[in-house]
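Now for the letters of each chain:
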Amino acid sequence: MHLQSITLNKVKDYIFFLSILIAAISFTSIFPHISPYVNFLFVLILIFSIFLHLKNVFLPEWVLNIISIILIVFPFLGLSSNDILMPSIESLTLILSVRFLGKKTSREYFQIYLLSMLLLGGSSLFDISWMFLIRLILMLILTIFAMLLLTYVKEVGNDFIGLERLLNLMNFAIFIAIVSIPLSAFFFIILPRTPVPLVDIGLSKAKTGFSSTVNLGSIREIEEDNNIVMRVKMKQIPEKELYWRVITFDTFDGRVWQKKLFEMSKSSIYGEKISYTIILEPLTEKYLPTLDYPVSVSTKNLIYEYPGTYKIAFSLEKTMKYDAVSFINYKLTESNPSSIYLKIPPNITEKIKTLTNNITSQASNKKEIAESIIRFLSNYQYSLKDLPVGENSIEEFLFNKKKGNCEYFATAMVLMLRIKDIPARVVGGFRGGTYNSFGGYYIIRASDAHLWVEAWIDGQWLRFDPSGKISRKTENIVFYFIDYIWNSIVLDYDIRSQLRLVKSIKIPKFEFNIKLFLIPFLVLVLYGSFKFYRYMKKTREPLNRFFSIMKKYGFERRGYQGLEEFVSMISDKNLREKAENFVKLYEEIYFKDKKINKEDYKKLKVLLDILNESRKS
Amino acid sequence: MIEKIKNHKILQIITHLRECLQGKETAIILSLISIFSRGHLLIEDFPGLGKTSLAIALSKVLNLSFGRIQCTNDLLPTDITGLSVYNKNSGEFEFKPGPLLNNIVLVDEINRATPKTQSALLEAMAEEQVTVDGKTYKLPKPFFVIATQNPIEIYGTFPLPESQLDRFMMKISIGYPPKEAEKEILQQGSSREKLYKLNAIMDKDEIIRFQEEIRQTYLSDKIIDWILDFINLTRQDSRILLGLSTRAGIAITYTAKTYARFRGRDYVIPEDVKEMIPFVVPHRIILKENFMSKEEVISSILKNIPTPP
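Reading the values: the criteria
Residues numbered from 1 in each chain as written. Chains lettered and ligands numbered in written order. Predicted model: local features only at pLDDT ≥ 70, side-chain atom pairs only at ≥ 80, totals over all residues. Heavy atoms only, no water. Pairing = 2+ DSSP bridges. Helix = DSSP H or I, 4+ residues; strand = E, 2+ residues; numbered from the N terminus. Axes fitted to C-alpha atoms, helices over the stretch in contact; angles between N-to-C directions. Contact = heavy atoms within 4.5 Å. Buried area = accessible area lost by both parts, 1.4 Å probe. Salt bridge = Lys/Arg side-chain N within 4 Å of Asp/Glu carboxyl O. Nonpolar A, V, L, I, M, F, W, Y, C, P; charged D, E, K, R; others polar. pLDDT = per-residue confidence, 0-100. Core = buried A, V, L, I, M, F, W, Y, C linked by side-chain atoms within 4.5 Å. Buried < 20%, exposed > 50% of the residue type's maximum accessible area, 1.4 Å probe, protein only. Phe/Tyr/Trp six-rings, centres within 6.5 Å; stacked < 30°, edge-to-face > 60°. Lys NZ or Arg CZ within 6 Å of the ring centre and 35° of its normal. Expected span 1.5 Å × (residues − 1). Polar contact = N/O pair within 3.5 Å; in protein donor to acceptor, adjacent residues only side chain to side chain. Left-handed = near helix turned anticlockwise from the far one by under 90°.

Participant: Please give an account of the sheet that holds strand E8 (residues 144-149) of chain B that cites residues and values.
Facilitator: Residues and elements named next belong to chain B. In spatial order, the strands read E2-E5-E8-E1-E9; together these five strands make up an open sheet with parallel pairing. Two strands close off the open sheet at either side, each with one partner strand: strand E2 (66-70) and strand E9 (170-172). Across the sheet, the mean angle from the axis of one strand to that of its neighbour is 20 degrees, orientation sign disregarded. Looking at chain direction, strand E1 (residues 41-44) and E8 are connected through four bridges and run parallel. When the sheet's bridge partners are listed, Leu-41 is paired in E8 with Ile-146.

Take a look at the structure:
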């Protein structure tokens, strides 16, 4: 019996901790982005409020209001006026926590839920990943559950709530949340969206990025990272021109590529001019990616680095935005490239040299040499797993493993070109990108990271991509799939990307397809059985409530007792009459085998309320 | 019981009868239930508690004809059914109806009659007709028998077997009147005169109509199932030798329906059934041993069945 009913205070505790949980969920979405002081304060106030709640002490309303006003003003002091969003979100966070300190009626709880939702919404300004969806669903379910509980408590007043009913409310909350998701999907399609996160602010944690040295095998980490590196607002250009230049390397010691050459060398360029705007996440250290081959970048503190790379004076800490101009289909001429581009590391074995000569024996000029190397390397496999390592990883790549990622291909090609006395260098950056025609921009992810080769042939620097044509195998991991769906449907929403998604599901990931059908089916089945359960429940529900009210009066019905028999035990005439009124109406419906309709339901409810009220007064 | 009666016609009858049958409300109500359920009533009680008064009063109030049979061991079947007598003038046998051919028949001390007469009576009760000299005479409608039996005097009696008792829809006892009522009786003396002057409140047609109406009372399957559970348990119970018959089940539903109507409802609730069971069931079951009373056994069975809803 004790398990069956939960006292009002317990329910209030439940609601309180549920609200803490809701606030915490929204807080987890925001806390990497806001200042640690605010985070600390938030957690502190929350812990304090739990303490207050357990002691049943509350701060008066006016104190809270003053604190709230201070908190609204405080984050705005000392910050430049152009960065309004961050302090707003910080004060929102703090106001949320302060709400927990006061006496909480349903009004305060609703404020808490609203603030939490706002905060979660605010977090989408910094970061939109599929985790947002998970948080949203969780919050929806919990918030609806809490609101149902609040309403229940308000309706029934000083009532006990059964464990069964509690679970029932929870089920209902999940049900509402699940039903509301297809609805929001509908709104998602019809409502306008912003193509990029609204404001380009945000302190992101340092992630795998480019540095001025590249260890063989290190790009792999970047390639497995699906974070968005940048968004490039520009018109769509042919796929083969999508090379995003970040850094160049000239010196290889057998294991590590480095950049040692910094002097400018005279060069001239012409081609098709493209201007664009890049919104860059802080992932590439000081380097600013540009479309290959850049001619100008306009931003403060800019440093140009030969050849064709740009960086800023300080390390990037938040998202930045800059305009740039590049040439595509360009001709880059240079008269005399540095001899550094011909250096071969001492540990390059004769084996590789012989191989190079064998490959290029048919070639009559430099261009054919490069092409024959590309042809040779195209027989190799692209892979991110089981990469060649060790002292002589290039030899391992060329002769044993015969598979690797772009680093190995590019390194091998550059070395081969240098063996054949052709100046060559490695260029690091990104290749490709997903074009969002709705927003008119490219999304470039860390996983698009790429290395390719530039070779000086006949006075021109030509771009060669030894691994570019080899298709990359994507790993079938659920995480990537969800992320892919999220990115394709939510972030890159347009009809073409959706079609692409459908196609991509069809061919390699067929097993997901079945599951995707299974989920709505399961939801449907659950919905159906839930409906049925509700219907069955509904006819008994007023009676159950009647019994629970009577129980509080101290009357418990035994199984063999008829309703009127049960009611006749009541000695208090007033109460008995009220109980009889309910029983008579209920019996008329039940024993005449009538279906309980809305009106009856209402009448029964009124009678129960009267019965319940007389207990309170 | 009287406070539960809501049907105003029935209430009128009861209040009317109460004036001359002090302290016998329950007996009045149960008799009325029996009449309107088209069943017969067996009153097991001591002499001098007003059985005859009850029967007379009922017949007056309902405007029905009344016949009385005082059973002795030399009573013959023809004494109750009537017999054909040769008419000298017409030269034909003429049927002289016996006391049975009345609407309400009081059969006093039925256990004193011989089995032969008893079965003639019970047959008439069941068939609602009598056959004399090969001719069948329909009994008047409504037809209602109130039989009485003395539980103490065993000597020189022929107790009715349970199979015969099954023919009676209800078995009640009137019991001693409460002190106040008894005092009133003593003050006023026997009121037999007053009884014969009682006004009729209903007539035959009304009674038959009301009987019809009662049969239309809604009886939910939920309650039928519950009654069936009860009947089955009486058949399976280890303490009971003879459980309830299907006729008993019918009697339960009919009386419950009537009681429901009396209480102003057109549907039956479990309490209607429960309150009728003590009057409908005990005389139909036989216990194996007499450690417990029949009433105790029945109520313990009822407590083992969950009552709907």
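Back to the text.
Participant: Account for the sheet that holds strand E9 (residues 287-288) of chain A, naming residues and giving values.
Facilitator: All names here are of chain A. Strand order in the open sheet made by the three strands is E9-E13-E12, with antiparallel pairing throughout. Each of the sheet's edge strands pairs with one partner strand only, and the pair in question is E9 and strand E12 (302-305). Pairing geometry for E9 and strand E13 (residues 309-312), over two bridges, is antiparallel. Paired with Leu-288 across the strands is Tyr-310, a residue of E13.

Participant: Could you give an account of the interface of chain A and chain B, naming the residues involved and the relevant values?
Facilitator: Taken together, the contact pairs 18 residues of chain A with 20 residues of chain B. Roughly 1600 Å² is buried in total at the junction of chain A and chain B, and carbon and sulfur atoms are behind 54% of that figure. When the area that chain A buries against chain B is broken down by residue, the three leading residues are A:Tyr560, A:Phe591 and A:Lys592, summing to 43%. Where chain A meets chain B, there are four salt bridges. With six residues, the top contributor of residues to the side of chain A that touches chain B is helix H17 (residues 573-591) of chain A. Split by residue class, the side of chain A that touches chain B holds six nonpolar, three polar and nine charged.

Participant: Break down the confidence of the model for chain B for me, citing the residues and quoting the values.
Facilitator: In the predicted model, chain B carries a mean pLDDT of 86, and the fraction of residues at 70 or more is 99%. Of all the helices and strands in chain B, helix H8 (residues 192-196) of chain B carries the lowest mean pLDDT, 78, while helix H11 (residues 246-262) of chain B carries the highest, 92.

Participant: Quick one: what's the story with the nonpolar core, residue by residue and with numbers?
Facilitator: Of all hydrophobic cores here, the largest spans 96 residues; its most connected members are A:Phe546, B:Leu32 and B:Phe230. With nine residues, H17(A) is the single largest residue contributor to this core. Here B:Phe230 is in contact with B:Leu244, B:Ile252, B:Ile277, B:Val281, B:Ile298, B:Ile301, B:Leu302 and B:Ile305, once residues within four sequence places are set aside. Residues A:Ile247, A:Tyr380, A:Tyr408 and A:Tyr442 belong to the second largest nonpolar core, which totals 67 residues.

Participant: Pulling in residues and values, what's your account of the packing of aromatic side chains?
Facilitator: Inspection of the entire model under this criterion finds 34 aromatic pairs over all chains. Chaining the aromatic ring pairs together yields one cluster made of A:Phe546, A:Phe547, A:Phe566, A:Phe582, A:Tyr586, A:Tyr590 and A:Phe591. Its guanidinium or amino end placed over the ring of A:Trp461, A:Arg425 lies 3.7 Å from that ring's centre, counting from NZ or CZ. Seen from the ring of A:Tyr590, B:Lys222 lies directly overhead, with NZ or CZ sitting 3.7 Å from the centre.

Participant: Go over the pattern of salt bridges with me, naming the residues and quoting the values.
Facilitator: Overall, the coordinates contain 30 salt bridges over all chains when judged by the stated rule. Across the pair A:Arg463 and A:Asp292 runs a salt bridge, and its minimum N-O distance is 2.7 Å. Taken as a pair, A:Arg463 in strand E21 (residues 460-464) and A:Asp292 in the loop between strand E10 (290-291) and strand E11 (294-298) lie far apart in primary sequence, 171 residues in all. Accessibility expressed as a relative area gives 0% for A:Asp292, which makes it buried. Ionic pairing is found between B:Arg263 and B:Asp272, a salt bridge with its closest N-O pair at 3.0 Å. Considered together, B:Arg263 and B:Asp272 belong to a single accessibility category, that of buried residues. It is possible to trace a salt-bridge network through shared partners that takes in A:Lys240, A:Glu241, A:Arg245, A:Asp292, A:Arg425, A:Glu454 and A:Arg463.

Participant: Explain H11(B) to me, and be specific about the residues and the numbers.
Facilitator: All names here are of chain B. With 17 residues, H11 extends 24 Å from end C-alpha to end C-alpha; this agrees with the ideal 24 Å at 1.5 Å per step. In terms of burial, H11 is a largely internal element, 13 of the 17 residues being buried. Residue Ser-245 occupies the N-cap position of H11, its side-chain oxygen lying 3.4 Å from the main-chain nitrogen of Arg-247. Positioned one or two residues after H11, Gly-264 has a phi angle of 85 degrees, which is positive.

Participant: Which residues make up the side chain of A:Arg245, and what values go with them?
Facilitator: Here A:Arg245 shows up in strand E5 (residues 243-249). Within the structure, A:Arg245 has its side chain in polar contact with the backbone oxygen of A:Pro307 (distance 3.0 Å).

Participant: Explain the packing of helix H10 (residues 366-377) of chain A against helix H12 (residues 406-419) of chain A to me, using residue names and the numbers behind them.
Facilitator: All names here are of chain A. One way to put it is that H10 packs onto H12 with a least axis distance of 10 Å and a crossing angle of 145 degrees. The two elements H10 and H12 meet at a crossing, and its hand is right-handed. Across the interface between the two elements, Ala-370, Ile-373, Ile-374, Phe-376 and Leu-377 from H10 touch Phe-409, Ala-412, Met-413, Met-416 and Leu-417 from H12. Tallied by class, residues from the contact of H10 with H12 come to 10 nonpolar, no polar and no charged.

Participant: Quick rundown of the environment of A:Leu261? Include the residues and the values.
Facilitator: All names here are of chain A. Here Leu-261 is to be found in the loop between strand E7 (256-258) and strand E8 (267-280). The exposure class assigned to Leu-261 is buried, which follows from its relative accessible area of 7%. Between the alpha carbons of Leu-261 and Ser-338 there is a distance of 8.4 Å; along the sequence they are 77 residues apart. For Leu-261, the contacting residues outside a window of four places in its chain are Asp-250, Tyr-306, Ser-338, Ile-340 and Tyr-341.

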